[in-house]
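Here is what each chain is made of, one letter per residue.
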Amino acid sequence: MKGLFITFEGLDGSGKTTQIRILYDFLKEKSLDVVLTREPGGTEIGSKIRNILLNKKNKGISSRTETLLFLASRAELVSKVISPALKEGKIVICDRFFDSTVVYQGIARELGEDRILEMSLWATADIVPDLTFLLSIKADICEERMQVTSKQKDRIEMEKNYFKEKIYRGYLKIARLNKNRFIILDGGQDKLSLSQKIGSKVLNVLIEKGLLGKDY
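Residues numbered from 1 in each chain as written. Predicted model: local features only at pLDDT ≥ 70, side-chain atom pairs only at ≥ 80, totals over all residues. Heavy atoms only, no water.

## What to know about the overall build of the protein
No. 1: Secondary structure summary: the protein contains eight helices and five strands in total.
No. 2: Secondary structure elements in the protein, listed N-terminal to C-terminal, are β-α-β-α-α-β-α-α-β-α-α-β-α.
No. 3: Dimensions of the protein, computed from C-alpha atoms along their principal axes, come out at roughly 55 × 35 × 30 Å.
No. 4: Burial analysis of the protein (216 residues in total) assigns 51% to the buried set.
No. 5: When contacts within the protein are restricted to residue pairs at least 6 apart in sequence, long-range pairs at least 24 apart make up 78% of them.
No. 6: When the accessible area of the protein is evaluated, it comes to approximately 11,100 Å², of which 50% is carbon and sulfur surface.
No. 7: The distance from the centre of the 37 positive side-chain charges to the centre of the 29 negative ones in the protein is 2 Å. (Helix = DSSP H or I, 4+ residues; strand = E, 2+ residues; numbered from the N terminus. Buried < 20%, exposed > 50% of the residue type's maximum accessible area, 1.4 Å probe, protein only. Contact = heavy atoms within 4.5 Å. Areas by Shrake-Rupley, 256 points an atom, 1.4 Å probe, with all protein chains shown as cover. Lys, Arg positive; Asp, Glu negative; His and termini not counted. Charge placed at Lys NZ, Arg CZ, Asp CG, Glu CD.)

Structure follows, in structure tokens:
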């Protein structure tokens, strides 16, 4: 792929969505061709699947059904958005990707991380992010952050704290196993410090890949 594929991972309330928007604006200001998308969703079909997955009325959905719906949404997103953009040399920023499924369903729901990773790679046609930022912050702090917002919790955000603790530990596990692409950042830092670190790393990778000149 000619472009650069960046993903952000972390618990809900970790601040990743804020950092994604800051990075997107930062790169656009430099006149770079950037595509911003999210999971689940990002396409017409993906948005319909997202509504099913996050709807609180679907509380009883089975773990396997949940997993397959995430994979279906991802396969559509890769086919319709991510793969074409990368082939055109664009920068793609995605809010979550298959690491979320490996952690949430493979580890936290105990379906088997190796099996979920294999299924995820099949769904993405073996597309793997070039760079993944993990905003690491403990579950109880994320919960406190979410309580001060007016946003209604979705089905997955309503999970118990012990489930979210498993996610926190799961993310650290897979990040340490994939040091070649994961950047672990303390999500408790102030917004500006985080954004500067993220922006600097992305620019360096763009230069390394030849997508920016060294004197940029």
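## What to know about the packing of helix H2 (residues 44-54) against helix H3 (residues 63-87)
No. 1: Contact pair H2 / H3: the axes reach a minimum separation of 9 Å and the direction vectors enclose 160 degrees. Viewed along their axes, H2 and H3 adopt a mutual orientation that is roughly antiparallel. Between H2 and H3 lies a crossing of left-handed hand. Residues Ile45, Gly46, Ile49, Ile52 and Leu53 of H2 touch H3, and the partners they reach there are Glu66, Leu69, Phe70, Ala72, Ser73 and Glu76.
No. 2: Grouping the constituent residues of the contact of H2 with H3 by class yields seven nonpolar, two polar and two charged. (Axes fitted to C-alpha atoms, helices over the stretch in contact; angles between N-to-C directions. Parallel < 35°, antiparallel > 145°, perpendicular 65-115°, else oblique. Left-handed = near helix turned anticlockwise from the far one by under 90°. Nonpolar A, V, L, I, M, F, W, Y, C, P; charged D, E, K, R; others polar.)

## Remarks on the layout of surface pockets
Think of a ball as big as a water molecule: rolled over the atoms, this probe shows where empty space is left.
No. 1: The calculated volume of the largest pocket comes to roughly 740 Å³.
No. 2: Elements with a minimum of two residues in the lining of the largest pocket: helix H1 (16-29), strand E2 (34-38), H2, H3, helix H4 (98-108) and helix H6 (139-147).
No. 3: At five residues, the largest contribution of residues to the lining of the largest pocket is made by H1.
No. 4: Grouping the constituent residues of the lining of the largest pocket by class yields ten nonpolar, eleven polar and 14 charged. (1 Å grid on protein atoms, 1.4 Å probe; cavity = no way out; pocket = protein on both sides within 12 Å on 5 of 7 lines; lining within 4 Å. Points joined across faces, edges and corners; volume = space filled by probe spheres on them.)

## Brief notes about the sheet that holds E2
No. 1: An order of E2-E3-E1-E4-E5 is seen for the five strands of this open sheet, with the pairing classed as parallel. At either end of the open sheet lies a strand with only one pairing partner, and these are E2 and strand E5 (182-186). Each strand of the sheet is rotated relative to its neighbour by a mean of 20 degrees, with strand direction disregarded.
No. 2: Bridge count between strand E1 (residues 4-9) and strand E3 (residues 91-95): five bridges; the pairing is parallel. Paired with isoleucine 6 across the two strands is isoleucine 93, which belongs to E3. (Pairing = 2+ DSSP bridges.)

## With respect to the environment of leucine 131
No. 1: Topologically, leucine 131 is positioned in strand E4 (residues 131-136).
No. 2: Relative accessible area serves as the criterion here: at 3%, leucine 131 is assigned to the buried category.
No. 3: For the pair leucine 131 and lysine 201, spaced 70 residues apart in sequence, the C-alpha to C-alpha distance is 9.4 Å.
No. 4: Those residues in contact with leucine 131 that sit more than four places away from it in its chain are Phe5, Ile6, Thr7, Arg181, Ile183, Lys201, Val202 and Val205.

## Section: the side chain of lysine 16
No. 1: Mapped onto the fold, lysine 16 is located in helix H1.
No. 2: Given the relative accessible area of 5%, lysine 16 is considered buried.
No. 3: Ignoring any residue separated from it by four or fewer positions in sequence, one finds lysine 16 in contact with Phe8, Glu9, Gly10, Asp95, Arg96 and Leu135.

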